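Residue-level listing of the chains:
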Amino acid sequence: MQYYHISHLHQLESEAIYIIREVAARFERPVMLFSGGKDSIVMTHLAFKAFYPARIPFPLLHIDTGHNFPETLEFRDNLAKELGVNLEVRYVQDSINKGKAVEEKGTNASRNLLQITTLLDALEELKVDAAMGGARRDEEKARAKERFFSHRDEFGQWDPKNQRPELWNLFNSRRHSGEHFRVFPLSNWTELDIWQYIAIEKIKMPSLYFSHNRDCVKRDNMILAYSEHLNLRESEKHEMMRVRFRTIGDMTCTGAVLSPAKTIDDIILEVAASRITERGGRADDKRSDTAMEDRKKSGYF
């Protein structure tokens, strides 16, 4: 199906590559945050194009919660090997073992919030001065407040009310010792842009994004993947469903959608017709009206 706005996607690609190159030029120890989701995969693809034929000059950093989908981890390892890029993995379980993070309890327990401690420790350990993330402004209202170059203080905290202006793509990368930046090359992309670009560039994607049979649990108007990490309520039962995932995070909080979409063209049509954002099925975003913003202020992606 050739219904893509090619010129529009080329403009977004050019902008993102420019920002990635700016990060490589301005900072001494940048990293690219990698979750194994479609946005981080596209961002990694853009980094590959930005520096080809040389290798990507900075590592990928993945915060492994221990509750990831196995498909995500397999795809991550294969991609890093294929691109010849340095992959740094840090584990939430290590933060728990050291007493720096406390495991949540109850049926809605998640390790999503615990990632903050592990991430900030990893950035300090690696002496990172810029961490690129795949967040987009259309995902969630808190992410719409971010700049391309988003300043973090010495505690890794974000102040959405005190951000630097970015006029004419002039980025202020000045920082004091101990501070760092989060940089978002995909800020102006939408979910539909991402999938159209994936189609044009023929980018490989994890099988989770395509319709498949999976053992699932219905909970609070969401469909969650059944796993050993999910604490079932007494009334809950798991059953086989035909689903796919629009966004990928922990198995305990990432909602699936009932879908017959088996191809990227099917997904594009489905996304174009959807009136619910992809994060509308994330349990971690439903804890409060400001759940994402509160996490981001504390150092979340």
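Up top you'll find the structure we're talking about.
Residues numbered from 1 in each chain as written. Predicted model: local features only at pLDDT ≥ 70, side-chain atom pairs only at ≥ 80, totals over all residues. Heavy atoms only, no water.

S.K.: I'm lost on the overall build of the chain in this one. Help?
M.R.: Of the regular secondary structure elements, the chain holds eight helices and 10 strands. In terms of principal-axis extent, the alpha carbons of the chain reach across some 55 × 55 × 40 Å. When burial is assessed residue by residue, the chain has 54% of its 301 residues classed as buried. Sequence-distant contacts, at least 24 apart, represent 72% of the contacts inside the chain between residues at least 6 apart. Total accessible area computed for the chain in this model is approximately 14,500 Å², and 50% of it derives from carbon and sulfur atoms. (Helix = DSSP H or I, 4+ residues; strand = E, 2+ residues; numbered from the N terminus. Buried < 20%, exposed > 50% of the residue type's maximum accessible area, 1.4 Å probe, protein only. Contact = heavy atoms within 4.5 Å. Areas by Shrake-Rupley, 256 points an atom, 1.4 Å probe, with all protein chains shown as cover.)

S.K.: Please clarify how the environment of glycine 134 should be interpreted in this entry.
M.R.: Take glycine 134: it is sitting in the loop between β4 (130-132) and β5 (149-152). The exposure class assigned to glycine 134 is buried, which follows from its relative accessible area of 15%. In this structure, the C-alpha to C-alpha distance between glycine 134 and serine 187, residues 53 residues apart in sequence, is 7.9 Å.

S.K.: Looking at this structure, I do not really get the pairing of strand β7 (residues 212-219). What am I missing?
M.R.: Here is the key point about a regular strand: its side chains alternate between the two faces of the sheet. Here β7 runs beside strand β9 (residues 238-244); their pairing, made up of six bridges, is antiparallel. Across the sheet, the residue bridging to arginine 214 is methionine 241, located in β9. (Pairing = 2+ DSSP bridges.)

S.K.: Explain the pairing of strand β10 (residues 255-258) here, please?
M.R.: Across two bridges, strand β8 (residues 222-225) lies against β10 in antiparallel orientation. Across the sheet, leucine 224 pairs through a bridge with glycine 255, a residue of β10. Bridge count for β9 against β10 is two bridges, and the pairing is antiparallel. For arginine 244, the partnering residue across the bridge sits in β10 and is valine 257.

S.K.: Is there a simple way to think about the sheet that holds β7 in this case?
M.R.: The strand order around the closed barrel built from four strands is β7-β8-β10-β9, with neighbouring strands paired in antiparallel fashion. Neighbour-to-neighbour, the strand axes of this sheet turn through a mean angle of 65°, independent of strand direction. (Axes fitted to C-alpha atoms, helices over the stretch in contact; angles between N-to-C directions.)

S.K.: Any chance you could explain helix α3 (residues 70-83) here in plain terms?
M.R.: Every α-helical turn comprises 3.6 residues, leaving residues that sit three or four positions apart pointing alike. Here α3 is 14 residues long and its end C-alpha atoms lie 20 Å apart, about the 20 Å a rise of 1.5 Å per residue gives. For α3, the full list of buried residues reads Thr72, Phe75, Arg76, Leu79, Ala80 and Leu83. Within α3, the buried residues cover an arc of 130° as seen down the axis, which keeps them to one side. Facing away from the buried side of α3 by over 90 degrees, the exposed positions are Pro70, Glu74, Lys81 and Glu82. Buried residues belonging to α3 abut α2 (38-51), β2 (60-64) and β3 (87-91). Phi turns positive, to about 65°, at glycine 84, one or two residues after α3. (Expected span 1.5 Å × (residues − 1). Arc of directions from axis to C-beta.)

S.K.: I'm lost on the environment of asparagine 108 in this one. Help?
M.R.: Mapped onto the fold, asparagine 108 is located in the loop between α4 (92-97) and α5 (115-125). For asparagine 108, a relative accessible area of 45% gives the class partly exposed. Taking the C-alpha atoms as reference, asparagine 108 lies 7.8 Å from threonine 252; in sequence the two are 144 residues apart. Polar side-chain contacts of asparagine 108 include one of 3.3 Å to the side chain of arginine 233. (Polar contact = N/O pair within 3.5 Å; in protein donor to acceptor, adjacent residues only side chain to side chain.)

S.K.: What exactly am I supposed to notice about the side chain of arginine 90 here?
M.R.: Following the sequence through the fold, arginine 90 ends up in strand β3. Among the residues examined, arginine 90 registers a relative accessible area of 18% and is labelled buried. Here the side chain of arginine 90 touches glutamate 88 through a polar contact of 3.1 Å, side chain to side chain. Not counting chain neighbours up to four residues away, the residues in contact with arginine 90 comprise Leu61, His62, Ile63, Asp64, Thr118, Ala122, Glu125 and Leu126.

Interpretation in functional terms is not warranted from these geometric data alone.
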